[in-house]
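# Structure assessment
As a plain string of letters, each chain reads:
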Amino acid sequence: MSGKIVVLPEALTHKIAAGEVIERPASIVKELLENALDAGATDVRVELTGGGCGSIRVSDNGGGIDPSDVPKAFERYATSKIYEFDDIYRVETFGFRGEALPSIASIARVEMITRKRDRVSGTRIVVSAGRIEEISDAGSPGGTTITVSRIFDPVPVRRKFLKSEATEQGSCVDVITRTALSCPSVRIQVMAGGREILKIPSTADASERIALILGADFTDHLAPVEATEGGVRISGFLSGPDYTRSNSRNIYCYVNRRYIRDYLLNHAIMTAYRNVIAAKRYPAAVLSLTLPPEEVDVNVHPAKMEVRFRRPREIYRFVVESAGRTLSGAALSAGKPTAFAPPVIAAQLSGYRERVEEALKRYTLSTGRQKLRFGASALPGRPNVPPDTPGLPEIAEASPSLKRSPFAFASLAFIGSFAGTYLLFSGDFSGGEHLVMLDQHAAHERILFERFAKSQEGEKIPGQRLLIPEVIHLTPKNSAALQDVFPVFERAGIELEPFSGDSVVLRSVPANLGHEDVQIVVRDALDAFSESGRTLSLQERQDEIIRLMACRGAVKANQSLGPAEVAALCADLDRTPFSATCPHGRPVYVVLDRKELEKMFKRR
Ligand code: ADP
Ligand code: MG
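First things first, this report covers the structure right here in the doc. Remember, predicted model here, so these are calculated numbers, not experimental data. (Residues numbered from 1 in each chain as written. Chains lettered and ligands numbered in written order. Predicted model: local features only at pLDDT ≥ 70, side-chain atom pairs only at ≥ 80, totals over all residues. Heavy atoms only, no water.)

## Notes on the overall build of the chain
- Helix and strand counts for the chain come out as 17 helices and 26 strands.
- A total of 604 residues make up the chain; the buried ones form 51% of that total.
- For the chain, contacts bridging at least 24 residues in sequence account for 69% of all contacts bridging at least 6.
- When the accessible surface of the chain is totalled, it reaches about 28,400 Å², and 53% of it is carbon and sulfur. (Helix = DSSP H or I, 4+ residues; strand = E, 2+ residues; numbered from the N terminus. Buried < 20%, exposed > 50% of the residue type's maximum accessible area, 1.4 Å probe, protein only. Contact = heavy atoms within 4.5 Å. Areas by Shrake-Rupley, 256 points an atom, 1.4 Å probe, with all protein chains shown as cover.)

## Regarding the sheet that holds strand β3 (residues 109-115)
- In space, the 8 strands of this open sheet follow the order β5-β4-β3-β6-β2-β1-β7-β8, with mixed pairing throughout. Edge positions in the open sheet fall to β5 (131-138) and β8 (195-200), since each of these has one partner strand only. On average, adjacent strands in this sheet sit at an angle of 10° to one another, irrespective of strand direction.
- Judged from the 6 bridges that link them, β3 and strand β4 (residues 122-128) form a sheet pairing that is antiparallel. When the sheet's bridge partners are listed, Arg-109 is paired in β4 with Ser-128.
- Helix α2 (residues 25-38) contacts β1 (43-49), β2 (55-60) and β6 (143-149) of the sheet and is inclined by roughly 10° relative to β2. (Pairing = 2+ DSSP bridges. Axes fitted to C-alpha atoms, helices over the stretch in contact; angles between N-to-C directions.)

## Points about the pattern of salt bridges
- In the structure shown here, the tally under the stated rule is 28 salt bridges.
- As a salt-bridge pair, Glu-134 and Arg-124 come within 2.6 Å of each other at their nearest N and O atoms. With Glu-134 in strand β5 and Arg-124 in strand β4, the pair connects residues that are 10 residues apart, well separated along the chain.
- Here Arg-311 makes a salt bridge to Glu-295, at a shortest N to O gap of 3.0 Å. In this pair, Arg-311 is assigned in the loop between β16 (308-309) and α9 (312-328) and Glu-295 in the loop between β14 (285-290) and β15 (296-297), connecting sequence segments 16 residues apart. (Salt bridge = Lys/Arg side-chain N within 4 Å of Asp/Glu carboxyl O.)

## Digging into the pairing of β3
- Counting buried positions along β3 gives 6 out of 7 residues, so the element sits mostly inside the fold.
- The hairpin turn running from β3 into β4, its antiparallel successor, is 6 residues long.
- Sheet topology places β3 next to β6; 7 bridges connect them, and they run antiparallel. Bridging across to β6, Val-110 finds its partner in Val-148.

## Describing the packing of helix α11 (residues 440-458) against helix α15 (residues 538-553)
- Axis separation between α11 and α15 bottoms out at 8 Å; the angle between their running directions is 135°. One element, α11, and the other, α15, form an angle in the oblique class. Both α11 and α15 take part in a crossing whose hand is right-handed. Residues His-441, His-444, Glu-445, Leu-448, Phe-449, Phe-452, Ala-453 and Gln-456 of α11 touch α15, and the partners they reach there are Gln-542, Asp-543, Ile-546, Arg-547, Met-549, Ala-550, Cys-551 and Gly-553.
- Within the contact of α11 with α15, the residues separate by chemical class into 8 nonpolar, 5 polar and 3 charged. (Parallel < 35°, antiparallel > 145°, perpendicular 65-115°, else oblique. Left-handed = near helix turned anticlockwise from the far one by under 90°. Nonpolar A, V, L, I, M, F, W, Y, C, P; charged D, E, K, R; others polar.)

## Here we look at helix α14 (residues 515-531)
- Its 17 residues place the ends of α14 24 Å apart at the C-alpha level, agreeing with the 24 Å of an ideal helix rising 1.5 Å per residue.
- Buried within α14 are the following residues: Val-518, Gln-519, Val-521, Val-522, Ala-525, Leu-526 and Phe-529. Each buried residue of α14 sits inside an arc of 160° when the element is viewed along its axis, so together they form one side. Turned more than 90 degrees away from the buried face of α14, the exposed residues are Glu-516 and Glu-531.
- Residues of α14 that are buried make contact with β23 (463-473), α12 (476-480), α13 (486-491), β24 (495-500), β25 (503-510) and α15. (Expected span 1.5 Å × (residues − 1). Arc of directions from axis to C-beta.)

## Some points on the site of ligand 1
- By nearness alone, 19 residues border ligand 1, and Asn-35, Thr-79, Ser-80, Lys-81 and Gly-98 come closest of all.
- Asn-35 has a polar side-chain atom sitting 2.8 Å from an oxygen atom of ligand 1.
- The side chain of Lys-81 places a nitrogen or oxygen atom 2.7 Å from an oxygen atom of ligand 1.
- In the complex, the protein chains occlude 92% of the 530 Å² of accessible area that ligand 1 would expose alone.
- Sort the elements by how many residues they give to the shell around ligand 1 and helix α3 (residues 100-107) lands first, with 3 residues.
- Residues of the shell around ligand 1, tallied by class, amount to 8 nonpolar, 7 polar and 4 charged. (Near = heavy atom within 4 Å. Polar contact = N/O pair within 3.5 Å; in protein donor to acceptor, adjacent residues only side chain to side chain.)

## As for a nonpolar patch on the surface
- A cluster of nonpolar side chains, contributed by Val-6, Leu-8, Leu-12 and Ile-16, occupies part of the molecular surface with about 360 Å² of accessible area.
- Examined against the element boundaries, Leu-12 turns out to sit in helix α1 (residues 10-21). (Patch = residues over 30% accessible without salt bridge, like charges linked within 9 Å, V, L, I, M, F, W, Y side chains within 5 Å.)

## Some points on the nonpolar core
- Among the nonpolar cores identified, the biggest contains 65 residues, and Leu-32, Phe-74 and Val-148 are the most heavily contacted of them.
- If one sorts the elements of this core by residue count, α2 sits on top with 7 residues.
- Counting 35 residues, the second-largest nonpolar core is a separate cluster that includes Ile-260, Leu-265, Ala-323 and Phe-578. (Core = buried A, V, L, I, M, F, W, Y, C linked by side-chain atoms within 4.5 Å.)

## Examining the side chain of Arg-258
- Mapping Arg-258 onto the fold places it in strand β13 (residues 258-260).
- No salt bridge is formed by the buried Arg-258; the nearest opposite charge belongs to Glu-34, separated by 4.9 Å.
- Residue contacts for Arg-258: discarding those within four places in its chain leaves Thr-93, Phe-94, Phe-96, Cys-253, Val-298 and Lys-304. (Lys, Arg positive; Asp, Glu negative; His and termini not counted.)

## With respect to empty space enclosed by the protein
- Per the counting criterion, the structure on display carries 6 cavities of 30 Å³ or more.
- Within this model, the largest cavity holds a volume of roughly 110 Å³.
- As for the largest cavity, its lining consists of 13 residues, and the residues nearest its centre are Lys-30, Glu-34, Arg-178, Thr-179 and Tyr-259.
- Elements represented by at least two residues in the lining of the largest cavity include exactly α2, α5 (165-181) and β13.
- Element by element, the count of residues in the lining of the largest cavity is highest for α5, at 3 residues.
- Split by residue class, the lining of the largest cavity holds 5 nonpolar, 2 polar and 6 charged. (1 Å grid on protein atoms, 1.4 Å probe; cavity = no way out; pocket = protein on both sides within 12 Å on 5 of 7 lines; lining within 4 Å. Points joined across faces, edges and corners; volume = space filled by probe spheres on them.)

## Regarding the sheet that holds β24
- Strand order across the open sheet formed by 3 strands is β23-β25-β24, with antiparallel pairing between neighbours. Each of the sheet's edge strands pairs with one partner strand only, and the pair in question is β23 and β24. Taking the axes of each pair of neighbouring strands and ignoring which way they run, one obtains an average angle of 20° across the sheet.
- In this fold α14 packs onto β23, β24 and β25, with an angle of close to 55° to the strand it touches most, β23.

## Focus: unusual backbone geometry
- The backbone phi angle of Phe-152 is positive, close to 70°, even though this residue is not glycine.
- Tracing the backbone shows Phe-152 in the loop between β6 and α4 (156-159).
- Residues other than glycine seldom take positive phi values, yet Ser-430 does so here, at roughly 45°.
- With respect to the helices and strands, Ser-430 occurs in the loop between β21 (422-429) and β22 (432-439).

## Regarding the packing of α5 against helix α6 (residues 206-214)
- One way to put it is that α5 packs onto α6 with a least axis distance of 9 Å and a crossing angle of 160°. Viewed along their axes, α5 and α6 adopt a mutual orientation that is roughly antiparallel. For the crossing formed where α5 meets α6, the hand is left-handed. Along the contact surface, α5 presents Thr-177, Ala-180 and Leu-181, while α6 presents Arg-209, Ile-210 and Ile-213.

Without other data, these values stay purely geometric and don't point to any function.
Written out as structure tokens, the structure reads:
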């Protein structure tokens, strides 16, 4: 269909543009909530009907709007937050484009009642499908209440894109949760269909709020991240290696208070967890970057959910390093600092835990039918959330019995071994007796992996030349993966040379590894490279090779160890970072305390 070119009427262009900002009820909730926070509110109430598809009301106790400004707030590009373009590189408010209110009003009916504290009376305005229908003086408490109804009436096709009410409500709650994480002191109450579904009290700082929102389950497994470099600050919490999820939805990233979804940051976090958690598992994390506003462009996405960094490489490296530092000291149940954790973290954490516990006592989450308390009364290892509340964090795979308090392996008393694989120790720490069970293979694997990784960091793992080079025969699939891998193997101390189409010559092997083991490592690595379905990065390929080397080189299950070997293993483990899990992400040790045993024997 083509014909004469016409300029679209303004009302129509508004409706089209609104689609970029207002996709679904959750987008309305986000914009209204951010406006309330920008207005300095300390108390916000969100009321939803029909999962946000029926109506959305946001009331705040913020600064309110002057009567003469009320109609202007609904004009496109009308904002009180910036005055010239460059201001967007200085802006500290969530909003600055002056787009939200006119966009919402062009696709729904909006009633706003607002009063500035220093005015005697307030203003009521009704704007529907982009037209002001009423405006008058009105009595009002200080602050602003906006009610949005008849959502998408002027653009009925958009309704077809909505999901079920439960799903839409879930998205609204997600938006509220994310926003709440960035404004710890603001009290937020959420009602749905007349029932209170969320009540978040004012909290002293971000860490306390994280505990409230993500649940005690997460806080039991988290470790703090805190670093500053060149004007960029990172702060927040990462889950330890024994707490993982099946998806990345519990990774929350903030840049200058703004929740964003960013490939670079997610990738940096996953890189820090590489070799710490199992493949296809994801951590939970709340990370906040604070950087000078001119270092980041927030004006690249309609809903401001993405940003562009001026120096992305530096930010990436900084995040990987800071997160890696935290994880290298993390034990199972990272909430408890370990022998490796710098004392400063331990100190931070102890104060932190007390505050969290205090906050948990004050926090209740209710569904109307049942009231659940965060903390002790929730089922162990289960989410602290009623299952019928959409949009709240899903079940985490965390094992509550994988607890460790700080101790050194060398200080434990060796009892003996079980099933030829598990070394049993007793230890007196944290004011009680404990039984520590160590998987000898997993422990040795981690020790070797870290040792290989460290010597590779220097330059390469030293290799020993074989007196008689060996020919390794490859499968066709193996040999297809040979492209460019010779230098990668060489860095691991494995010197290979092409021989014929389907074989290579092995010239040197890393110390401590037999040539038969090395043959297996070469074949398994080539298999892994060809099976991955994509081209692995240099780092990923190096890691895979040393992971396999650590696995082949480590003591096997059923290999019996003498007391001297056990002592050496313990001493090595104490010097090894990331010792809580093996390079595949499986636990290295499990601790049972005496009380738990007594419970098993019904002595308590
Ligand atoms: P922006 O937030 O980008 O400035 P909006 O369309 O969201 O644009 O809002 C327009 C203006 O209306 C804001 O700049 C602000 O001055 C005013 N405003 C909107 N909501 C509130 C509120 N809850 N309290 C006080 N002022 C508000
Ligand atoms: Mg706004």
